[in-house]
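Per-entry structural report
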Amino acid sequence: ASAFAALVSHAKLMDVMLQKETLGAILALLQMNELNDAVIHRDAAIALSFLVDNNDLVKGFLAETPRALESIFELCVKSSSKEVKRAIVNVLLNLSNDGKFKEVIVDRGIMKQIVSKMASCKDRVVKVGMSKLFSRLISHLPNHERFLNSREDDFLASLIDILGNCPDLYIRQKIIESCI
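Let me begin by describing the structure that accompanies this report.

Cut-off values and rules
- Residues numbered from 1 in each chain as written.
- Predicted model: local features only at pLDDT ≥ 70, side-chain atom pairs only at ≥ 80, totals over all residues.
- Heavy atoms only, no water.
- Patch = residues over 30% accessible without salt bridge, like charges linked within 9 Å, V, L, I, M, F, W, Y side chains within 5 Å.
- Areas by Shrake-Rupley, 256 points an atom, 1.4 Å probe, with all protein chains shown as cover.
- Salt bridge = Lys/Arg side-chain N within 4 Å of Asp/Glu carboxyl O.
- Helix = DSSP H or I, 4+ residues; strand = E, 2+ residues; numbered from the N terminus.
- Axes fitted to C-alpha atoms, helices over the stretch in contact; angles between N-to-C directions.
- Parallel < 35°, antiparallel > 145°, perpendicular 65-115°, else oblique.
- Contact = heavy atoms within 4.5 Å.
- Nonpolar A, V, L, I, M, F, W, Y, C, P; charged D, E, K, R; others polar.
- Buried < 20%, exposed > 50% of the residue type's maximum accessible area, 1.4 Å probe, protein only.
- Core = buried A, V, L, I, M, F, W, Y, C linked by side-chain atoms within 4.5 Å.

**Focus on a nonpolar patch on the surface**
A cluster of nonpolar side chains, contributed by L163, I176 and I180, occupies part of the molecular surface with about 300 Å² of accessible area. With respect to the element layout, I176 can be found in helix α13 (residues 169-179).

**Considerations on the packing of helix α8 (residues 99-107) against helix α11 (residues 141-148)**
Where α8 meets α11, the closest approach of the two axes is 9 Å, and the angle between their N-to-C directions is 30 degrees. With respect to each other, α8 and α11 are oriented roughly parallel. Where α8 approaches α11, its residues K102, E103, V106 and D107 are matched on the opposing element by P142, N143 and R146. Across the contact of α8 with α11, the residue classes tally to 2 nonpolar, 1 polar and 4 charged.

**Regarding helix α6 (residues 68-78)**
Of all the 11 residues making up α6, 8 are buried; the element is thus mostly covered by neighbouring parts of the structure. Among all positions in α6, only A68, L69, E70, S71, I72, F73, L75 and C76 are buried.

**Overview of the environment of A25**
Within the secondary structure layout, A25 lies in helix α3 (residues 20-31). On the basis of relative accessible area, A25 is assigned to the partly exposed category, the value being 27%.

**Here's the deal with the nonpolar core**
With 52 residues, the main nonpolar core has L48, L62, I88, L95, M118 and F134 as its most contacted residues. Sorting elements by how many residues they give to this core places helix α7 (residues 82-95) first, with 8 residues. M118 has contacts with K127, M130, S131, F134, I162, I171 and I175, leaving out every residue within four places of it along the chain.

Pasting the structure below:
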């Protein structure tokens, strides 16, 4: 995983790194839950974050791979390492630059999880990253319309909980701005 993280930072090696086999290996490292190694997960997430950044091949691969996005986000939720959480939030932020992925993330239920985890997250960097991600997702017109027409009580209850209980003014401000 550390080799992948080091290799993706070199532009000359990017063609090699963009092969589906390499992407599959990085994804496999992220999905290895029984291997509870934060360093491996962090390095794999960093590598994926570099690859996802404005690369349609990687985005297509993630969209087509069953449960890829869900397992990446689950790692963010389950990991006790703030470095892993930060790297995964960067992957999702990079993906959310693409309008199609804004809808995919919402369609797969990840936005609801982001909102529910934002309130309980201890690391401010991750919390700010999640609030930026929420803001990007909800500001996308199709997602915004879905949110306004939502009848999902748990989603709305999580938003209200954050607004009422989160001491971080920046997070509350981002949520209010996004929802208006």
